[in-house]
Amino acid sequence: MSEPQLIDSNTSVDVMTDTDQYLTFILAGEEYGVDILRVQEIKGWDSVTSIPNTPDYIKGVINLRGTIVPIVDLRDRFSLDAIPYGATTVVIVLKVTSDNGNRTMGIVVDAVSDVYNVATEEMKPPPDFGTISIDYVKGLATVEEKMVIVLEIDKLLNSAVIDHTDTLLQ
Amino acid sequence: MAIDITQFHETFFEESFEGLDIMESGLLNLDIGAADNDTINSIFRAAHSIKGGSATFGFTDVAEFTHGMETLLDEMRDGTRDVTQKSVDTLLQSVDCLRELLAAARDKTPVDSERVAVVHKSLEKILSSEGGSNISTENDEHNENSQTESISERSGWKINFKPHHDMLKTGNDPVRMFRELSELGELTVIVDISQLPTLADLDPEESYLSWDLTLKTDVEIDLVKEVFEWVIDECDLEISEIVSSTDDTAMSSETQDRENEQGTENISSEPSSQAKRQVAKPGVTEKSTASTDSSASIRVSIDKVDALINMVGELVITQSMIGQLDCDFDDFDNSRMEKLRDGLTLLERNTRELQESVMRIRMLPISFAFNRFPRMVHDLCQKLDKKIELRTTGENTELDKTVMEKIGDPLVHLVRNSIDHGIEMPQARKETNKPETGVIELNAFHKGGNIIIEIKDDGAGFNKDRIKNKAIERGLISSDEHLSDDKIYDLIFQPGFSTAEQLSDISGRGVGMDVVRRNIRELGGNIDVTSEEGKGTTFTIRLPLTLAILDGQLVCVGDEIFITPLVSIVESLQIKKEFVNNIAGQTELYKVRDDYIPIVRMHEMFGINVEKKSLEGGLLVVVEGDGKKAGLLVDELLGQQQVVIKSLETNYQRVDGVSGATILGDGTVALILDVDGLIDLSRNTSAPNNSPDNSVLAVA
């Protein structure tokens, strides 16, 4: 369940229609999607160097061909129960845009699933969850009778980086 | 302290010749009458740098000469003088003259002082004339300028076309060009065959002819020039206009005149620049394709390159050595195994050496930039009758070569400013109860993932009111604006701002500070200034470390490896229980000789699980940062190595106690400790700091 999945998946769609492609992954039995154009690469889980005094969901940093890339565990981020990393556990490396330019960050998910084409009009706005934050959900899409939660990765991952530059050191 | 500054001459000459190229291309690009300020500014800056450098190295004639050019350019920049063809021509001549002067200074050959004097005189002549609008009334050797005022009288062009010998080889055909010309008007062609050799000596592929062409037409010179566009570098071309009121004798004398001038130029300037200049003369702007952007090249001495080539050669040999081992694994015996192992060892060594020498190419100690200052301070002190002592620290701080090259000029500007404006005259210092001798300090050090360069003087400091008044006068701010101190100090970085009451050739044109800031920003750094009136001024330049290299000590805490900068380590020792003391049961102190230093338990600080938590027998790395000492408790000391600093902030954010990250030999990431930050952190957190706000969120 890694790169070959990407290539084999059905990508033959008329590019002119107003559809977006999403890479989906599994997290605690649910299927989540991210804009495929943001995906830089998918790699297997490997050990990380942890960073002191950071929230638990920041697993640490890895060396991605000379670049230091932070890794966020999405299960931790969503306060889901942790499971041991296994054979299908992957890191999806994403390009994240923020006010301060672009970042490259990785997310740890249970497994990658598929690539879907979703027409813009098929995307439903997320219902009001009430107490639960919906800031990080772009919308809900139905693909083959299943629900896919499309994530707003910029908001999600930038919120993971809390800028505390002006702390004790300055 | 005697410093041999001749070692920097080569750099200076290279920089100056680069500067001259910028000036030349800038001048050629100037639109007469509607010159844009950016171009003039870049020419001006180049001249300014050459002047500064030559004064520093004691080439006074170059400095004096450039000063004249600079004054002229300054007036153009301020808009008090129109940009005229004549002044541009003179400036171009001055550039050539300057190039000769510099070449003479470099090769220690005599200068053609007569020619220099002539050019210098014409510069002064322009300077003494008020503004640029009255040129038409002047009648001097530059009468070819009359064409700019006499367009209506023009009846055609006289073209002197002299191809170089090998022009034909590049596929250019004069006949085709003449045919094109004849389409523009009535063309008369006179060929000069005086250079034609006898038939026996004649090489049919060479061109021996030259032509005098007379084109009767009213087309613009651009069209005429277009015909010659492809051969400009391969011929001597002169285009002059035929003015109806001018009779033949006047014209021939004019041509004669110019030929004389050309004759003198031929002595030294190479054909290409000559051709360029001649094109520029008739009053047309030549858009050169050469970009003036800072080139992405670095200067490397041949030795280093040779060393690299040697190493690559060895790499190739090693590779072929391994390649020769027949990779038939079925019959892979012990002797081959042995050879393979040897080969791999060799490969490893070659790779490491190669990496080191590539790194060495880029990195230089900052003393390279600092060492030119003692002489400069010395000379300027004599000139200004001031007494100044220069103190430098941290000369061995390594800096990326490109950063070094770009930081050199800003540093010169800042130090000059400090000497000229900062430090007061000895008499004035005495009156304010200061020692007669002023002090300028240059400090360089690493701090929190940056390189900091400080230029500190104990002079007069900034006069806020004067800065403000000047800014109002220059229209940078309005008179009723209320500004904080920082904002006021920020004003000195505005283009065209200068508080010097009098122009001197040291500083005071207001060119310095805006260039300083621009150069530093180009490097991704910033510059701050703090000043106290009467006490002095400190400029702090902060440069990012992205390419910098650090000597590090690898230490182990639990399973994690950290890198401690070697410069901040005082010593490492094994803890003896009897030297450990407690204050209020919390802060642990360790007695090192006569010092009590706080113990920082790294695993608590960074929340790492370790098996052994007792101090007894543990390792203490005594570090010093910001004048404070601390002992870091670690589990193990590993090796020392040079590490390349990578930023954590690029993709993540600043982390307290960590200045960056690096990649170890096995490809894993290790964090570099920020010693200052760690000490502060340990002081400010009595209890170890756990994860900050663990914001929880849930979706679906």
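Before reading further, recall that the structure is shown in the block above.
Sequence positions are assigned chain by chain, starting from 1 and proceeding in written order. In the order they appear in the text, chains get letters beginning with A and ligands get numbers beginning with 1. Totals for whole chains, interfaces and linings use all residues, but because this is a predicted model, local features are given only for residues with pLDDT of at least 70 and pairs of side-chain atoms are given and counted only at 80 or more. Excluding hydrogens and water, the side-chain figures rest on all heavy atoms present in the structure.

Q: What's the story with a negative patch on the surface in this structure? I'm lost.
A: The patches reported here contain residues having more than 30% relative accessible area and no salt bridge. Joining distances are 9 Å for like charges and 5 Å for nonpolar side chains (Val, Leu, Ile, Met, Phe, Trp, Tyr). The Shrake-Rupley method, run with a 1.4 Å probe sphere, supplies the accessible areas, and residue values consider only the shown protein chains as cover. Any carboxyl oxygen of Asp or Glu that lies within 4 Å of a side-chain nitrogen of Lys or Arg is treated as forming a salt bridge with it. This count recognises Lys and Arg as positive and Asp and Glu as negative, with His and chain-terminal groups excluded. Taken as the charge centre is NZ of Lys, CZ of Arg, CG of Asp or CD of Glu, depending on the residue. A cluster of acidic side chains, namely Asp18(A), Asp20(A), Glu121(A) and Glu122(A), defines a negative patch on the protein surface. Secondary structure is summarised from DSSP: a helix means a run of H or I of at least four residues, a strand means a run of E of at least two, and numbering begins at the N terminus for each. In this fold, Glu121(A) is placed in the loop between strand 8 (111–119) and strand 9 (137–143).

Q: What is the right way to read the pairing of strand 4 (residues 58–64) of chain A from this model?
A: Two faces belong to every sheet, and in a regular strand the side chains alternate between them. Residue and element names in this part refer to chain A. Of all 7 residues making up strand 4, 5 are buried, and the element is well covered by its neighbours. In this analysis, strands are considered paired if DSSP registers two or more bridges between them. Pairing geometry for strand 4 and strand 5 (residues 67–73), over 6 bridges, is antiparallel. From the neighbouring strand, Ile-62 faces strand 5, where its bridge partner is Val-69. Between strand 4 and strand 5, which pair antiparallel one after the other, the connecting turn spans 2 residues, and Arg-65 there sits at a positive phi close to 45°. The buried label goes to any residue with under 20% of its type's maximum accessible area, the exposed label to any with over 50%, and the partly exposed label to all in between, with areas taken from a 1.4 Å probe on protein chains only.

Q: What's the story with the packing of aromatic side chains in this structure? I'm lost.
A: Between two aromatic rings, the relevant description is the distance of the centres plus the angle of the planes. Residues and elements named next belong to chain B. Each Phe, Tyr or Trp ring (for Trp, its six-membered ring) is paired with any other whose centre lies within 6.5 Å, and the angle between the two planes then decides the class: stacked below 30 degrees, edge-to-face above 60, tilted in between. Going through the model one piece at a time under the given rule, you end up with 14 aromatic pairs over all chains. An angle of 20° between the planes, with centres 5.9 Å apart, marks the rings of Phe-161 and Trp-211 as stacked. Of this pair, Phe-161 sits in strand 1 (residues 154–163) while Trp-211 sits in strand 3 (residues 210–216), and the two are 50 residues apart along the sequence. Accessibility expressed as a relative area gives 0% for Phe-161, which makes it buried. Residues Phe-562 and Phe-606 carry aromatic rings whose centres are separated by 5.2 Å and whose planes lie at 50° to one another, so their mutual orientation is tilted. Taken as a pair, Phe-562 in strand 13 (residues 560–565) and Phe-606 in the loop between helix 20 (602–605) and strand 18 (619–625) lie far apart in primary sequence, 44 residues in all. Using a relative accessible area of 4% as the deciding quantity, one classes Phe-606 as buried.

Q: Help me understand the sheet that holds strand 10 (residues 146–151) of chain A, please; the structure alone is not making it clear to me.
A: Backbone hydrogen bonds hold the strands of a sheet together, and the pairing may be parallel or antiparallel. Residue and element names in this part refer to chain A. Overall, mixed pairing links the 5 strands, which are arranged 8-1-2-10-9 in an open sheet. At either margin of the open sheet sits one strand with a lone partner, and together these are strand 8 and strand 9. Here the strands of the sheet are splayed against their neighbours by 35° on average, with no regard to which way each runs. Of the pairings in the sheet, the one linking strand 9 to strand 10 comprises 6 bridges and is antiparallel in character. Between the N-to-C directions of two axes lies an angle of 0 to 180 degrees, each axis being a line fitted to C-alpha atoms and, for a helix, fitted only over the stretch in contact.

Q: Any chance you could explain the pattern of salt bridges here in plain terms?
A: Residue and element names in this part refer to chain B. Enumeration over the complete set of coordinates arrives at 17 salt bridges over all chains. Residue Lys-51 pairs with Glu-70 through a salt bridge whose shortest N-O separation is 2.9 Å. Within this pair, whereas Lys-51 is found in helix 2 (residues 37–56), its partner Glu-70 is found in helix 3 (residues 60–78), the two being separated by 19 residues in sequence. Look at Lys-51 and you get buried, because its relative accessible area is 3%. The structure contains a network of salt bridges with shared partners spanning Glu-424, Arg-429, Lys-434 and Asp-458.

Q: Which parts of the structure should I look at to understand helix 2 of chain B?
A: Structurally, the α-helix is built with 3.6 residues per turn, so residues lying three or four positions apart point the same way. In this scheme, a helix's expected span is set at 1.5 Å multiplied by one less than its residue total. Taking 1.5 Å as the rise per residue, helix 2 of chain B with 20 residues should run 28 Å; its terminal C-alpha atoms sit 28 Å apart, in good agreement. Remark: Gly58(B) follows helix 2 of chain B within two positions and exhibits a positive phi of approximately 80°.

Q: Explain a nonpolar patch on the surface here, please?
A: Residues and elements named next belong to chain B. The grouping of Val-191, Ile-193 and Leu-196 at the surface amounts to a nonpolar patch, some 250 Å² of accessible area in total. Note that Leu-196 resides in the loop between strand 2 (186–192) and strand 3. Residue Leu-196 is classed as partly exposed on the basis of its relative accessible area, which comes to 39%.

Q: Looking at this model, I keep getting lost on the packing of helix 3 of chain B against helix 5 (residues 113–128) of chain B. Mind explaining?
A: In a packed pair of helices, the relevant descriptors are the angle between the two axes and the axis-to-axis distance. All names here are of chain B. Put simply, helix 3 and helix 5 touch, their axes get as near as 10 Å, and they point 30° apart. Between helix 3 and helix 5, the angle falls in the class roughly parallel. Helix 3 and helix 5 meet at a crossing whose hand is left-handed. The segment helix 3 lies against helix 5, with Glu-64, Phe-65, Gly-68, Met-69, Thr-71, Leu-72 and Glu-75 engaging Val-116, Val-119, His-120, Leu-123, Ile-126 and Leu-127. In this count, Pro and Cys sit with the nonpolar residues alongside Ala, Val, Leu, Ile, Met, Phe, Trp and Tyr, while Asp, Glu, Lys and Arg are called charged and the others, Gly among them, polar. Within the contact of helix 3 with helix 5, the residues separate by chemical class into 8 nonpolar, 3 polar and 2 charged. By the definition adopted for this analysis, an angle is roughly parallel if under 35 degrees, roughly antiparallel if over 145, roughly perpendicular if from 65 to 115, and oblique otherwise. The sense of a crossing depends on the near helix, which, turned anticlockwise from the far helix by less than a right angle, makes the crossing left-handed and, turned clockwise, makes it right-handed. Contacts were defined at the residue level, with two residues in contact if any of their heavy atoms lie within 4.5 Å.

Q: Even after reading the chapter, I still don't get the sheet that holds strand 17 (residues 595–601) of chain B, so can you show me in this structure?
A: Residue and element names in this part refer to chain B. Spatially, 14-18-19-17-16-15 is the arrangement adopted by the 6 strands of the open sheet, whose pairing is mixed. The two strands at the open ends of the sheet, each matched to only one other strand, are strand 14 (569–574) and strand 15 (580–583). Within this sheet the neighbouring strands show an average axis-to-axis angle of 35°, counted without direction. Looking at chain direction, strand 15 and strand 16 (residues 587–592) are connected through 4 bridges and run antiparallel. Residue pairing for strand 16: Ile-583 is matched across the bridge by Thr-587. Across the sheet, helix 21 (residues 675–684) touches strand 17, strand 18 and strand 19 (628–634), and the angle it forms with strand 19 is around 90°.

Q: Even after reading the chapter, I still don't get the packing of helix 2 of chain B against helix 3 of chain B, so can you show me in this structure?
A: All names here are of chain B. The N-to-C vectors of helix 2 and helix 3 enclose an angle of 160°; their axes lie 9 Å apart at closest approach. In terms of orientation, helix 2 and helix 3 fall into the roughly antiparallel class. Where helix 2 crosses over helix 3, the handedness of that crossing is left-handed. Counted together, Asn-37, Ile-40, Asn-41, Ile-43, Phe-44, Ala-47, His-48, Ile-50, Lys-51, Ser-54 and Ala-55 of helix 2 and Val-62, Ala-63, Thr-66, His-67, Glu-70, Leu-73, Asp-74, Met-76 and Arg-77 of helix 3 form the full contact between these two elements. Of the residues assigned to the contact of helix 2 with helix 3, the class counts are 10 nonpolar, 6 polar and 4 charged.

Q: Please clarify how the environment of Ser659(B) should be interpreted in this entry.
A: Residue and element names in this part refer to chain B. By the element assignment, Ser-659 lies in strand 21 (residues 658–663). Its relative accessible area of 21% is what places Ser-659 among the partly exposed residues. Sequence separation between Ser-659 and Lys-447 is 212 residues, and the spatial gap between their C-alpha atoms is 8.3 Å.

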